[in-house]
Amino acid sequence: MMFEKMAEAMQVVKALEAVYSKIYLRDISDNTVLYETGNLQQNMRPSATHTIYLKPNDLKITVSGKNVDVKMTIPIEIHGRNCMLELSQESQNSLNQIIELSITDPLTNLYNRRYIDERLPIDMQTCFSMDEPLSILFIDIDYFKNINDENGHIAGDLILQRLAELLQKKIRKGNGWVARYGGDEMLICLPGINNNIAKKISERINKAIENHEFNLENIKIPVTCSIGVQTVDRNTGISSVSEILSMADKKLYSAKRNGRNKVF
Ligand code: GH3
Ligand code: MG
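Residues numbered from 1 in each chain as written. Chains lettered and ligands numbered in written order. Predicted model: local features only at pLDDT ≥ 70, side-chain atom pairs only at ≥ 80, totals over all residues. Heavy atoms only, no water.

**A closer look at the pairing of strand E7 (residues 134-141)**
- Across the eight residues of E7, eight count as buried, placing the element largely inside the fold.
- Going residue by residue along E7, you find Leu134, Ile136, Phe138 and Asp140 tucked away on one face and Ser135, Leu137, Ile139 and Ile141 tucked away on the opposite face as well.
- Two elements, E7 and strand E9 (residues 185-191), share seven bridges in a ladder whose sense is antiparallel. Paired with serine 135 across the bridge in E9 is leucine 190.
- Alignment of E7 against strand E12 (residues 225-232), held across eight bridges, turns out to be antiparallel. What sits directly across from serine 135, in E12, is threonine 231. (Buried < 20%, exposed > 50% of the residue type's maximum accessible area, 1.4 Å probe, protein only. Helix = DSSP H or I, 4+ residues; strand = E, 2+ residues; numbered from the N terminus. Pairing = 2+ DSSP bridges.)

Here it is, written out as structure tokens:
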């Protein structure tokens, strides 16, 4: 493929960026990089629809663990200069990593609010269609503001992380999932679990938190939580996520009002 001007070649490169995650354009006489994705602020996508024929001379596929990287090199000529166009395609795994990041809370590594909003309606529908219950545990640290005020925000962050680890250990994968609803409020979803069992699980979690040693620089910080438990099934007449969350929140509020470190 021959281009009269650099601008013409750049139009093609910019169009290819819609498909390829990384593009290099090199002058092969001295290996100088004429263009690299992300390093040039230009908007030169062709406005008209047209077809360009490019003949690759090399296609390299590298498999490393779960990653598959595809790299293609295409010789082109720009205004008499011999150049090489390198096109790299990010593997599907990178896309999965991006999706994973979008549903993960960065501080605690738990699922985030977006995951709750997307996953909870699916789990509710699945349970209702199989005539099974679904339980929600709303867990909130007692007087967390005081913990922050007395020990600092960084200590507060560490407590959130340790609590997240503890909660994840308590819920076996496949039995349910743990998310950070926001601030010091965590949510556990237990599909197929009735209210009786959900309350027992909550009591166990409550005691485990109370007995856990949250040690920061040799200082033991007492941490307790209040838990609101809400169970729904297809006869409860609740189908929206906001309704179940609001009911669980009311239970949590009762636990707080009744002295905290309690399950309601
Ligand atoms: P209650 O027993 O009623 O739940 O009291 P509380 O102090 O836990 O409740 P409140 O809602 O007054 O305070 C929550 C605190 O959580 C306030 C906020 O600064 C803190 N917080 C929220 N997100 C984070 C965070 O990511 N890191 C830290 N360190 N603190 C946070
Ligand atoms: Mg709190």
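**Side note on the packing of helix H5 (residues 153-170) against helix H6 (residues 195-211)**
- Here H5 crosses H6 at 145°, and the two axes come no closer than 11 Å. Seen from above, H5 lies across H6 with right-handed handedness. Contact residues: Leu163, Leu166, Leu167 and Lys170 in H5; Ile205, Ala208 and Ile209 in H6.
- In terms of residue class, the contact of H5 with H6 is made up of six nonpolar, no polar and one charged. (Axes fitted to C-alpha atoms, helices over the stretch in contact; angles between N-to-C directions. Left-handed = near helix turned anticlockwise from the far one by under 90°. Contact = heavy atoms within 4.5 Å. Nonpolar A, V, L, I, M, F, W, Y, C, P; charged D, E, K, R; others polar.)

**A word on the layout of surface pockets**
- There is about 400 Å³ of room inside the largest pocket.
- What lines the largest pocket is a set of 18 residues, among which Tyr111, Lys173, Gly176, Trp177 and Val178 lie closest to the centre.
- Every element with two or more residues in the lining of the largest pocket is listed here: helix H3 (113-129) and strand E8 (177-182).
- Broken down by element, the lining of the largest pocket gets its largest block of residues, three residues, from H3.
- Its residues assigned to classes, the lining of the largest pocket shows seven nonpolar, six polar and five charged.
- By volume, the second largest pocket amounts to about 160 Å³.
- Considering the residues around the second largest pocket, the lining is formed by Lys170, Ile171, Arg172, Asn175, Leu190, Ile193, Ile201, Arg204 and Ile205. (1 Å grid on protein atoms, 1.4 Å probe; cavity = no way out; pocket = protein on both sides within 12 Å on 5 of 7 lines; lining within 4 Å. Points joined across faces, edges and corners; volume = space filled by probe spheres on them.)

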